[in-house]
Amino acid sequence: MTGRQRVLILKSPFVGIVMLCSTKSVCYAVASIAWLCCSGVVGLGIASPVDSVADRSQSKRNIIFVLSDDHRYDFMSCVDGCPKFLKTPNMDRMASGGALIQNAFVSTSLCSPSRASILTGQYMHHHQVVDNQRPVADGTIFFPQQLQRIGYETAFVGKWHMGHEDDKPRRGFDHWASFRGQGSYFNPTLNINGQRKTIEGYTTDVLTDQALQWLEERDKKKSFCLYLSFKATHYPFQPAPRNRGKFADEKIEYPETMANTERNYQTQPHWVRERRFSIHGVDHMETGAFDKDPVPDFDALYHQYAECVLGIDQNLGRVLDWLKKEELDSSTIVVYMGDNGFELGEHGFYDKRDAFEHSIRVPMLAYAPGLIQPGTKIKKLIQNIDIAPTLLDMAGANQQQQDEMEMDGRSFLPLLRAEAIDWRKHILYEYHWEWNFPATPTTFAIRTDRYKYIYYHGVWDHNGFYDLETDPLERHNLINVPAFEQQINKMKQQLFTELDASGGLAIPARPPKGERLDQRKLKR
């Protein structure tokens, strides 16, 4: 297979057909005709449309998708491992009244690529947003565009960050309120439908104000999709004044893999220890009067991160309260997730990008009274590429509209409904080395419910293999242990077979752009 060819095996009571297709659209189109003909539903003439807007109108739920930045999966009080001092009652409300997706991951742990994957349902190597500097390619289809086609009114409020300094309204949204690049935590300047306006206040609060205002003013005759995208908890962590210092005196349980010890690095790739001394490592923090490092204190970093999470939870509660007040909670699905994870000392890092658990694993919650049973816990492996197909499925978009997007993800709506379906047994991960932050190499990984294999490209070093059941901290790299050789080779072959089949091994080289932060702190 080459490019984006896919194999589809069609099963029916009458026939099995194997097809090699250039795109998913072709596969599904041919499969649909073949199944209908073989099952006797239609003859060989022209089939009627799969469904119509009128047919779907009764199942259309309003959609609110809330995205945070760099929120790690275990900083919610409904999850084991959350710091004891951090309470997130509104995230807990979503989990207890809806679904907690316990194994949610991103396919690339970097802001712009992950956000593009959420909007397109595609891996990075398909949507081609490979770093935080580049815009989305012309012609890329976002899932809100398809929602517009079936009658939804759509709005985007918050951080876009694809095309770093460009805040202009994007296709797929009837209402737009965003800022350039990373924005700021206070008094943001928003581009509101083409007009820039500076609004005083804390940005997480301001964005929620903007979202609730649009909800009040929208066309009440239409179903709606609100995409609310917070800046928090992106570095530098600046909490709301009401929350600042709230956790300053709380004890921190430092990660076991944070210490610069032989035990922690004995079997790890060499670049992992070296990254401690990079801009994203704990040994790059200020250690003397002349360092002038932007991160002077780990404890303050940790506490302020948690305080930013608290601000997100408070504003998530405002959205949930509004839905309840307007009696729209039973006709709306709310999905909350983080765009990446974030290491707070694990392996000596404070960042993401790599393929370790705290980088690639994210919080994900779904709340839809009447649809999702309260207290649902989903253990299947879900990724950010599954958001677009799930929300389109929820909205009743027909198969043709979904096929047009050539998505790599799939809908997990049946899992939210507690239906038993066949699901993926592993996930793929990809990250391309960045000129701006050169400490982390190009990374490809495959993860099952137990094992993880990581391949590092362009660096003279060890690869990685971890048994997540016996070593959840990923402290012991088993890549050179003979007992695991067969499992390692199997996963390596699976990783490269799938990447090669879908065009994932064509690694782009881009002209350098933006600031380069490549200074190492000297080892002491």
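Higher on the page you've got the structure.
Here is what the cut-offs are and how they apply
- Residues numbered from 1 in each chain as written.
- Predicted model: local features only at pLDDT ≥ 70, side-chain atom pairs only at ≥ 80, totals over all residues.
- Heavy atoms only, no water.
- Helix = DSSP H or I, 4+ residues; strand = E, 2+ residues; numbered from the N terminus.
- Contact = heavy atoms within 4.5 Å.
- Pairing = 2+ DSSP bridges.
- Polar contact = N/O pair within 3.5 Å; in protein donor to acceptor, adjacent residues only side chain to side chain.
- Axes fitted to C-alpha atoms, helices over the stretch in contact; angles between N-to-C directions.
- Phe/Tyr/Trp six-rings, centres within 6.5 Å; stacked < 30°, edge-to-face > 60°.
- Buried < 20%, exposed > 50% of the residue type's maximum accessible area, 1.4 Å probe, protein only.
- Lys NZ or Arg CZ within 6 Å of the ring centre and 35° of its normal.
- Parallel < 35°, antiparallel > 145°, perpendicular 65-115°, else oblique.
- Nonpolar A, V, L, I, M, F, W, Y, C, P; charged D, E, K, R; others polar.

A. Region of interest: the overall build of the protein chain. Looking only at helices and strands, the protein chain has 15 helices and 19 strands in total. In the protein chain, of all internal contacts separated by at least 6 residues, the share reaching a separation of at least 24 is 66%.

B. Just the sheet that holds strand β12 (residues 361–362), in detail. Strand order in the open sheet formed by 3 strands is β12-β5-β15, and the pairing between neighbours is mixed. Across the chains shown, the open sheet's two edge strands, defined by having one partner strand only, are β12 and β15 (382–383). Here strand β5 (residues 104–105) pairs with β15 via 2 bridges, running parallel. Looking at the pairing, phenylalanine 105 lines up with glutamine 383 of β15.

C. Representation of the side chain of histidine 175. Looking at where histidine 175 falls in the secondary structure, it is placed in strand β7 (residues 175–178). A polar atom in the side chain of histidine 175 sits 3.1 Å from the side chain of asparagine 193. Excluding residues that lie within four positions of it along the chain, histidine 175 makes contacts with Thr154, Ala155, Phe156, Val157, Ile192, Asn193 and Trp214.

D. Just the sheet that holds strand β14 (residues 376–378), in detail. The strand order β9-β8-β7-β6-β10-β3-β11-β13-β4-β14 describes an open sheet built from 10 strands, whose pairing is mixed. Of all strands in the sheet, those with a lone pairing partner are β9 (195–198) and β14, marking the two edges. Between one strand axis and the next, the sheet turns through 15 degrees on average, direction left out of account. Here 4 bridges tie strand β8 (residues 189–192) to β9, and the two strands are oriented antiparallel to one another. Residue threonine 189 lies in a different strand from β9, and its bridge partner there is threonine 198. Along the sheet, helix α3 (residues 89–97) makes contact with β4 (99–101), β11 (332–338) and β13 (364–367), crossing β13 at roughly 60 degrees. Where helix α10 (residues 298–325) meets the sheet, its contacts fall on β3 (62–68), β10 (224–229), β11 and β13, and the angle it forms with β11 comes to roughly 175 degrees.

E. Representation of the packing of aromatic side chains in the model. According to the stated counting rule, one finds 32 aromatic pairs in the structure shown. Judged by centre distance (5.2 Å) and plane angle (35 degrees), the ring pair of phenylalanine 156 and tyrosine 227 falls under tilted. Here the residue phenylalanine 156 occupies a position in strand β6 (residues 153–158), and tyrosine 227 occupies one in strand β10, the gap between them amounting to 71 residues. This pair shows no difference in class: phenylalanine 156 is buried, exactly as tyrosine 227 is. The ring of phenylalanine 349 has arginine 275 lying over it, and the distance from NZ or CZ to the ring centre is 4.3 Å.

F. Spatial organisation of the packing of α3 against α10. At a minimum axis separation of 7 Å, α3 and α10 run at an interaxial angle of 55 degrees. Comparing their axes, α10 and α3 come out oblique. On α10, the residues touching Pro89, Asn90, Met91, Arg93 and Met94 of α3 are Val309, Ile312, Asp313, Gln314, Leu316, Gly317, Leu320 and Asp321. Residues that form the contact of α3 with α10 fall into these classes: 7 nonpolar, 3 polar and 3 charged.

G. Region of interest: the environment of asparagine 398. If you trace the backbone, asparagine 398 turns up in the loop between α12 (387–395) and α13 (399–404). Within polar-contact distance, the side chain of asparagine 398 engages the backbone nitrogen of glutamine 401 at 2.8 Å.

H. Molecular detail of unusual backbone geometry. Cis rather than trans, the peptide bond between alanine 232 and threonine 233 has omega equal to 10 degrees. Within the secondary structure, threonine 233 sits in the loop between β10 and α8 (262–265). The peptide bond linking tyrosine 235 to proline 236 adopts the cis configuration, its omega dihedral lying at -5 degrees. Here alanine 418, not a glycine, exhibits a phi torsion of approximately 65 degrees, which is positive.

Scope: geometric values only; no functional claims are made or implied.
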